[in-house]
Amino acid sequence: MSAASPEPGHGPVALALRVILLLAYPVLSHVASLRNEGMWAAAALAGLVLLCLLEPLARRQAWAWGLLAASCALLWWLGGSAWAWMLLLAPPVVFPLLVAWGFARSLLPGRIPLITRIVQALYSRAGMPVTAALERYTRRLSAAWALVLVLLAAVNLGLAMSAVPDGLLAAFGIQPWWPVTHEQWSWCANIADWGLIGGFFAVEYAVRSQFFPQRPYRNAWDFLRQMGQLGPAFWRDLLR
């Protein structure tokens, strides 16, 4: 019996495209900041729009294709102005806040913390129990990720306000107290952010391995692989 076909917008090809678009955004954004060229900024933002619309596009939903076409046309038009670069200031603030809200919302009374649900799903597939200590740890870890992402967004907002000559304060004719160039902003928002997130994940995984050596995955790569195998239905339900 042949394996069931993946849902539209999922599967190996869709996953590879998501990874490519996710990696391409900071690269294109960084190039736009170094060159100070609006079209590079427009290309970075167009890739981000495509990443967000990938699933409805794969389902051939007309509104998604219309929104993609309208967004690309608008970005192409803005590419000749400073507004295209200014729009790059938003994602490093908005996206961490959105993810932080997902973690924080799961900590509300009556809800299961986001990481706790992931761990429960992984352990359930392996037929392993989730101990009370592990549940407490995953709840605290969910809160820690929310805090880290809020702090990251706050730092990025401060940099966006201080960027010159096209930062948020400069746009209103206010001289930033600590001005930063496009290039300095980009090294922080497009490069250092990913290093900090990756470093936090690596340190946390090492700590978790020491406190909870009995686990259903062999290493960090296997942990990520098994998370991907939970399937699109699980992730949609998780994000509700």
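Note that the coordinates shown come from a computational prediction; the quantities given were computed from them, not determined experimentally.

**Q** Would you mind showing me how to read helix α2 (residues 38–58) here?
**A** Think of an α-helix as 3.6 residues a turn; residues three or four steps apart then line up on the same face. In a regular helix each residue adds 1.5 Å, so 21 residues correspond to 30 Å; α2 covers 29 Å between its end C-alpha atoms and thus fits that length. The sharpest bend along α2 comes to roughly 50°, located at Cys52, with the proline Pro56 sitting one to four residues further on. Just downstream of α2, Arg60 is the residue with a positive phi angle, here 60°.

**Q** Would you take a moment to explain helix α3 (residues 62–78) for this structure?
**A** Compared with the 24 Å implied by 1.5 Å per residue over 17 residues, the 24 Å span of α3 between its first and last C-alpha is a close match. Those residues of α3 that sit buried are Ala64, Leu68, Ser71, Leu75 and Leu78. In a view along the axis of α3, the buried residues occupy a sector of 100°, so they form one face of it. Counted as exposed and oriented over 90 degrees from the buried face of α3: Ala62, Trp76 and Trp77. Looking at the packing, one finds that the buried side of α3 touches α2 and α4 (82–87).

**Q** Quick question: what am I supposed to make of the side chain of His182 here?
**A** On the secondary structure map, His182 appears in helix α9 (residues 182–211). Accessibility expressed as a relative area gives 6% for His182, which makes it buried. Setting aside chain neighbours within four positions, we find His182 in contact with Ser33, Asn36, Trp85, Val164, Pro165 and Asp166.

**Q** Hey, could you run me through the packing of aromatic side chains in this one?
**A** In this description, a pair of aromatic rings is defined by centroid distance and the angle of the planes. Enumeration over the complete set of coordinates arrives at 9 aromatic pairs. Between Phe201 and Phe223 the ring centres are 6.4 Å apart and the planes differ by 25°, which places this aromatic pair in the stacked class. Taken as a pair, Phe201 in helix α9 and Phe223 in helix α10 (residues 220–228) lie far apart in primary sequence, 22 residues in all. Members of the aromatic cluster, connected to one another through ring pairs, are Phe201, Tyr205, Tyr217 and Phe223. Seen from the ring of Phe223, Arg208 lies directly overhead, with NZ or CZ sitting 4.7 Å from the centre.

**Q** For this particular structure, what's the right way to read the state of the cysteines?
**A** One pass over the full model with this rule turns up 0 disulfides. The cysteine Cys52 is free of any disulfide, with Cys72 supplying the nearest cysteine sulfur at 12 Å.

**Q** Looking at this structure, how should I read a nonpolar patch on the surface?
**A** Judged by side-chain polarity, Met39, Leu74, Trp76 and Trp77 come together as a nonpolar surface patch covering roughly 530 Å² of accessible area. Tallying contributions element by element places α3 first for the nonpolar patch, with 3 residues. With respect to the element layout, Leu74 can be found in helix α3.

**Q** Honestly, the environment of Ala14 in this entry has me stumped. Any pointers?
**A** For Ala14, the location among the structural elements is in helix α1 (residues 11–35). Relative accessible area serves as the criterion here: at 11%, Ala14 is assigned to the buried category. A sequence separation of 221 residues divides Ala14 from Trp235, and the C-alpha atoms of the two residues are 15 Å apart.

Cut-off values and rules
Residues numbered from 1 in each chain as written. Predicted model: local features only at pLDDT ≥ 70, side-chain atom pairs only at ≥ 80, totals over all residues. Heavy atoms only, no water. Helix = DSSP H or I, 4+ residues; strand = E, 2+ residues; numbered from the N terminus. Expected span 1.5 Å × (residues − 1). Bend = angle between axes of the 7 residues up to and from the residue. Buried < 20%, exposed > 50% of the residue type's maximum accessible area, 1.4 Å probe, protein only. Arc of directions from axis to C-beta. Contact = heavy atoms within 4.5 Å. Phe/Tyr/Trp six-rings, centres within 6.5 Å; stacked < 30°, edge-to-face > 60°. Lys NZ or Arg CZ within 6 Å of the ring centre and 35° of its normal. Disulfide = S-S within 2.5 Å. Patch = residues over 30% accessible without salt bridge, like charges linked within 9 Å, V, L, I, M, F, W, Y side chains within 5 Å. Areas by Shrake-Rupley, 256 points an atom, 1.4 Å probe, with all protein chains shown as cover. Salt bridge = Lys/Arg side-chain N within 4 Å of Asp/Glu carboxyl O.

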